[in-house]
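# Reading the structure
Listed here are the chains, written in short residue letters.
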Amino acid sequence: MTAAALPSPHWIAWPLAALRPDKAGGAAPSPPRSPTASPAISPVISAQASTQNSMQPLQASACWWALQHSPRVAVLEEALLMETSSVQRLWGGREPMRHRLAQAFQHAVSQATEPGAVPLVPSASGEGSTAWQALAQLRLKLGGENGTTAERSTGRGTRPLDADDFPLWTLTALQQHSAVLQRLGCTRWGHVRALPRAGLSRRIGAKALRVLDEAYGLLPQPLNWLQLPEQFGLRHDLGYPAHHADAVLQAAQPLLRALQTWLQARHRAVLALQLRWHHDLRRVDGQELPLWGELCIRTAQGAQAMAHLQRLLREHLAQQRWRAPVDMLELNLLESVAWAPDMLSCLPQPGEKEGCQDNSLPWHEWVERISARWGGDAVRMVRPCSDHRPEAMQQWQSASSGLQPQKPASRPLVAMSTCWQSLCPPWLLAEPQALPLQGSRPSWHGPLQLRAGPYRLESGWWGEADALAVRDYFVAFNEVVGHVWIYRQRAAEPGPGSGWGSASAGAGAGTQWFAQGIYG
């Protein structure tokens, strides 16, 4: 038996600066270029070569979107990289996955860019069989000039450059030794590989050659894989003083976006949040100020959408008295629940009809409004109960109270035995209907034929006297009513040594027949 061939590695790289325009330092940097005659370090490398080591938690949160598509995501120098060979089949192949990732990256860039602003770095991407090759392709697309591009013209069109054709400046480990390598006549990766390895190792060091082997896939490349934290808590240094509620709310947008990404990845929903702010001044008008201020926000239901949380934040922040400017924010998730998607509705969705004003409300807000206007019982919902009696297996209660988080039941829900549970009818009558007898057979628009049964039920003895149920259930049939769910009420007669009572199983004078459910 021949083992299935493993898919070849495939890496995609995106510019990290496009996801963090707020860290660009004000003015736009000069566009990256390829150094042809001068050995000076390319701006795309020198400005961000230590990005991975200097990333803060808030900066790393801008990359969490990629974890929705592949678990193998890492930050390498100035790029965000993703290995996709293990997930291409899940997205329908390489081309559909490439198109979906391009849309996801554009959405992440638009979320990180201020409205009306232009990203400082083009939204390019590079691909390769190793992480270093994908990074080299990205650098060529962002900074290639003087004929140095990421593609090569052939008789059949264009194709990506081979690893041997990459310039030295696209690999940081080689670019640092470009002066020595250029004197040896090396301008590309392939030229370096063609040199004797022992002598080259003495000139540029074994570390640079190891990185070159990693770039060709000859050695494994160690990477720090990006992971979501178990608990959400991020701090944001504003870099400027915020003096009022609107400025604080605007500064909190990156934290809210990171929270939404974390919730979607963890399949959680917010119940309680804490926003803390650091005062820029410690004393105002001779009065000592606390170092931190805070507020807690709770929601009636778990939520992932940030629009509702932003409205709550705006209302709470507007009530705060800002005695000193704020220079740092911290957002912590205090309580969350497993996220459950909203149930589909038969009503028209907002925006389905053009020109119609959107007056729709979420379900829980609509229930609260109708209950306040027409009373708590205007909208009711079913609550399951732990009881064997069919009429007590569920209870109708006010929907407004049913939307509140419920405490777990003191005992688990019980059900009938497996064989009889499948025979329970889908519809129960509001009240059991007494059936007359024709001879010894129950009648409902004609005599009924017993098709299945009996299923004996003795329950309700712990409650009131009228709650006692001593019954034998049957599935009955005739041509008029079809299949119905009926039971025979047996008389419970107390007797010595019988505990709470003994039931007569015969069809004596105390026996009555009732219809309780219908099929179809």
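Residues numbered from 1 in each chain as written. Predicted model: local features only at pLDDT ≥ 70, side-chain atom pairs only at ≥ 80, totals over all residues. Heavy atoms only, no water.

One pass over the full model with this rule turns up 14 salt bridges. The partner of Arg197 in a salt bridge is Asp213, with the nearest N and O atoms 2.5 Å apart. Of this pair, Arg197 sits in helix H9 (residues 197–204) while Asp213 sits in helix H10 (residues 206–215), and the two are 16 residues apart along the sequence. Given a relative accessible area of 46%, Arg197 falls into the partly exposed group. Under the relative-accessibility criterion, Asp213 is labelled buried at 12%. A salt bridge links Arg298 to Glu335; the nearest nitrogen and oxygen atoms lie 2.9 Å apart. (Salt bridge = Lys/Arg side-chain N within 4 Å of Asp/Glu carboxyl O. Helix = DSSP H or I, 4+ residues; strand = E, 2+ residues; numbered from the N terminus. Buried < 20%, exposed > 50% of the residue type's maximum accessible area, 1.4 Å probe, protein only.)

Right, let's get into the environment of Met393. Along the chain, Met393 turns up in the loop between strand S13 (380–384) and strand S14 (394–398). It is 8.6 Å that separates the C-alpha atoms of Met393 and Arg383, two residues lying 10 residues apart in sequence.

On to the sheet that holds strand S18 (residues 449–459), then. One open sheet accounts for 5 strands, arranged S15-S23-S20-S19-S18; its pairing is antiparallel. Of all the strands in the sheet, the pair left with one neighbour each is strand S15 (427–435) and S18. Taken pair by pair, the neighbouring strands of this sheet meet at an average axis angle of 25°, ignoring direction. (Pairing = 2+ DSSP bridges. Axes fitted to C-alpha atoms, helices over the stretch in contact; angles between N-to-C directions.)

Note: most peptide bonds trans; most residues except glycine with negative phi. Its identity as a non-glycine residue notwithstanding, Glu77 has a phi of 55°, on the positive side. Inspection of the secondary structure assignment puts Glu77 in the loop between strand S2 (73–76) and strand S3 (79–83). The class for Glu77 is buried, based on a relative accessible area of 11%.

In this structure the tally under the stated criterion is 13 aromatic pairs. With a centroid separation of 6.1 Å and 10° between ring planes, the pair formed by Trp11 and Trp225 is classed as stacked. Here Trp11, found in strand S1 (residues 11–15), pairs with Trp225, found in the loop between H10 and strand S7 (233–242); they are 214 residues apart in sequence, far enough to count as distant. Looking at Trp11, the relative accessible area reads 8%, which means it is buried. A ring pair is formed by Tyr487 and Phe514, whose centres lie 5.4 Å apart and whose planes are at 20°; its orientation type is stacked. Here Tyr487 is found in strand S20 (residues 482–489), whereas its partner Phe514 is found in strand S23 (residues 512–518), with 27 residues between them in sequence. Accessibility expressed as a relative area gives 4% for Tyr487, which makes it buried. The side chain of Arg193 reaches across the aromatic face of Tyr216, ending 4.0 Å from its centre. We note Arg276 situated over the ring of Trp292; from NZ or CZ to the ring centre the distance is 4.3 Å. (Phe/Tyr/Trp six-rings, centres within 6.5 Å; stacked < 30°, edge-to-face > 60°. Lys NZ or Arg CZ within 6 Å of the ring centre and 35° of its normal.)

Turning our eyes to something else, we now look at helix H5 (residues 131–143). Helical periodicity: at 3.6 residues per turn, an α-helix aligns residues three or four positions apart in one direction. Between its first and last C-alpha, H5 extends 18 Å over 13 residues, near the 18 Å set by a 1.5 Å rise per residue. Burial of H5 is extensive: 12 of the 13 residues sit out of reach of the surface. (Expected span 1.5 Å × (residues − 1).)

Another aspect to go through is the packing of H9 against H10. In the contact formed by H9 and H10, the axes pass within 7 Å of each other and the chain directions differ by 120°. Of the possible angle classes, the one that applies to H9 and H10 is oblique. From H9, Arg197, Leu200, Ser201 and Ile204 reach across to H10, where they touch Ala206, Ala208, Leu209 and Asp213. Residues that form the contact of H9 with H10 fall into these classes: 5 nonpolar, 1 polar and 2 charged. (Parallel < 35°, antiparallel > 145°, perpendicular 65-115°, else oblique. Contact = heavy atoms within 4.5 Å. Nonpolar A, V, L, I, M, F, W, Y, C, P; charged D, E, K, R; others polar.)

Turning to the packing of helix H12 (residues 253–266) against helix H13 (residues 306–318), a few remarks are in order. H13 packs onto H12 with a crossing angle of 140° between their chain directions and a minimal axis gap of 11 Å. Relative to H13, H12 is oriented oblique. Where H12 crosses over H13, the two elements pack in a sense that is right-handed. Across the interface between the two elements, Gln253, Leu256, Leu259, Gln260 and Leu263 from H12 touch Met306, Leu309, Gln310 and Leu313 from H13. (Left-handed = near helix turned anticlockwise from the far one by under 90°.)

What follows covers the pairing of S20. S20 sits mainly inside the fold: 7 of its 8 residues count as buried. Linking two consecutive strands that pair antiparallel, namely strand S19 (residues 469–478) and S20, is a turn of 3 residues. Where S20 meets S23, 6 bridges bridge the pair, whose relative direction is antiparallel. By the bridge assignment, Trp485 is partnered in S23 with Gly517.

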